[in-house]
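So you can see what is in the structure, the chains are spelled out below.
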Amino acid sequence: SQANFEEDSQEQPAVGHWKTLMPSKGSKEESETGCQDAGGVDETQSTEQLNVSRLRSSSVEIREKGSEFLKEELHKAQKELKLKDKECERLSKVREQLEQELEELTASLFEEAHKMVREANTKQAASEKQLREARGKIDMLQAEVTALKTLVITSTPSSPNRELHPQLQSPSKTVFRKGHGRNKSTSSAMVSAASQNMTPEPVNHECKEVDSILFAEFQAWKECPTLDKSCSFLDRIYREDVGPCLDFTKQELSELVRVAVEQNTLTIEPVASQTLPVVKVSAEECGGPKKCALSGLPRTCKHRIMLGDSGNYYYISPSCRARITAVCNFFTYIRYIQQGLVRQDVELMYWEVMRLRREMSLAKLGFYPSEM
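This structure is a prediction, so every number in the text was calculated from the model and none was measured.

## Focus: the pairing of strand 3 (residues 313–316)
Part 1: A two-sided burial pattern is seen for strand 3, the buried positions comprising Y313 and Y315 on one face and Y314 and I316 on the other.
Part 2: As judged from the four bridges shared by strand 2 (residues 303–307) and strand 3, these two strands associate in the antiparallel manner. Looking across to strand 3, one finds that H303 is bridged to I316.
Part 3: Two successive antiparallel strands, strand 2 and strand 3, enclose a turn made up of five residues, where G308 displays a positive phi of approximately 65 degrees.

## Re the packing of aromatic side chains
Part 1: In this structure the tally under the stated criterion is eight aromatic pairs.
Part 2: Here F330 and F331 contribute two aromatic rings whose centre-to-centre distance is 5.6 Å and whose plane-to-plane angle is 70 degrees, an arrangement assigned as edge-to-face.
Part 3: The class for F330 is buried, based on a relative accessible area of 1%.
Part 4: Aromatic side chains Y350 and W351 sit 5.3 Å apart centroid to centroid with 65 degrees between the ring planes, which places their arrangement in the edge-to-face category.
Part 5: Taken together, the ring pairs in this structure connect F215, F218, W221, F233, Y350 and W351 into an aromatic cluster.
Part 6: Directly above the ring of W351 sits K208, whose terminal nitrogen or CZ lies 4.7 Å from the centroid.
Part 7: Just above the ring of Y238 sits the side chain of K229; from NZ or CZ to the centre is 5.2 Å.

## Description of helix 9 (residues 346–364)
Part 1: Helix length check: helix 9, at 19 residues, gives a terminal C-alpha distance of 27 Å against a target of 27 Å (1.5 Å per residue), a fit within 8%.
Part 2: Those residues of helix 9 that fall on the buried side of the exposure criterion are M349, Y350, V353, M354, L356, R357, M360 and A363.
Part 3: Of the surrounding secondary structure, the elements contacted by the buried residues of helix 9 are helix 4 (212–223), helix 5 (232–245) and helix 8 (318–338).
Part 4: Of the residues flanking the start of helix 9, the one acting as N-cap is D345, its side-chain oxygen 3.2 Å from the backbone nitrogen of E347.
Part 5: G366 sits one or two residues past helix 9 and shows a positive phi near 105 degrees.

Procedures and definitions
- Residues numbered from 1 in each chain as written.
- Predicted model: local features only at pLDDT ≥ 70, side-chain atom pairs only at ≥ 80, totals over all residues.
- Heavy atoms only, no water.
- Buried < 20%, exposed > 50% of the residue type's maximum accessible area, 1.4 Å probe, protein only.
- Helix = DSSP H or I, 4+ residues; strand = E, 2+ residues; numbered from the N terminus.
- Pairing = 2+ DSSP bridges.
- Phe/Tyr/Trp six-rings, centres within 6.5 Å; stacked < 30°, edge-to-face > 60°.
- Lys NZ or Arg CZ within 6 Å of the ring centre and 35° of its normal.
- Expected span 1.5 Å × (residues − 1).
- Contact = heavy atoms within 4.5 Å.
- Polar contact = N/O pair within 3.5 Å; in protein donor to acceptor, adjacent residues only side chain to side chain.

Structure (structure tokens):
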């Protein structure tokens, strides 16, 4: 069997060893298609490799450009930080300089304030000294005036005072003195004569009694003096004295006069020493030397008034001048009290206010001195 098998194998060739000598068309097309497929695969692989290389190169370029951009930005940021540091240093120096200047200015202001306070204290002391001296002079002048009044009353041509005129004394009563004589001043001689040998002028002593309501109102006003008409003290005086005293026939002009008196802007001057001004209002409103502008009555006007800085003058009669003057005197005194210039007892100030109120009452009733 083995021999037969070998013989059979030698006689029959193997199928796998056959080779085609001339390829057919189908086999040729298949080979070409395979070659094309192999070439397409190679081209695709090469394209992909090219794309990968391009991507790698582009990524490298991007990294380089990004690094360069970041370096530039970092360089710019560093420059800006340096500039900001310099600006911060400059601002800190400016702040220190301003603080130093502020401290110096504060010190100079405090020094100037202390200097002003010292000067004010010095001036106040000097003013108080001058005030004391002025009060002493006023007392002396009042004594001299009293002595002169006494001299005028007690020594007349019909009955002269022999003590004041030694030449009229008899020789037997003349006293001789040794040494040099010294002439005294006229005021001291009059004061001594008035205090020794002169008959005093009879004085009418009037009885006075403090009204409790008026005095309480004045005391309340004196605690906080003001020119506001709402307080009870001034409200009463406005109703009872100031208002009626400044109530003239010409109502509009009367109101202007009242406002000027309250604001202390009223001017009264004699007519004789002034020339006739040029005014914008009519002659009837301004009055004239023979007609009062406030009452509208024909009167001899020796004075005229000007309200503020208007430049318009109004002629007034002596009676109207007395009424305006009485109100002005009252306001002047209460302004002095408000400013602290009156240093008297409260009761004395009260009686002075009552005296000024009496002058306003008399003036509004038509009583006025002859020299008006």
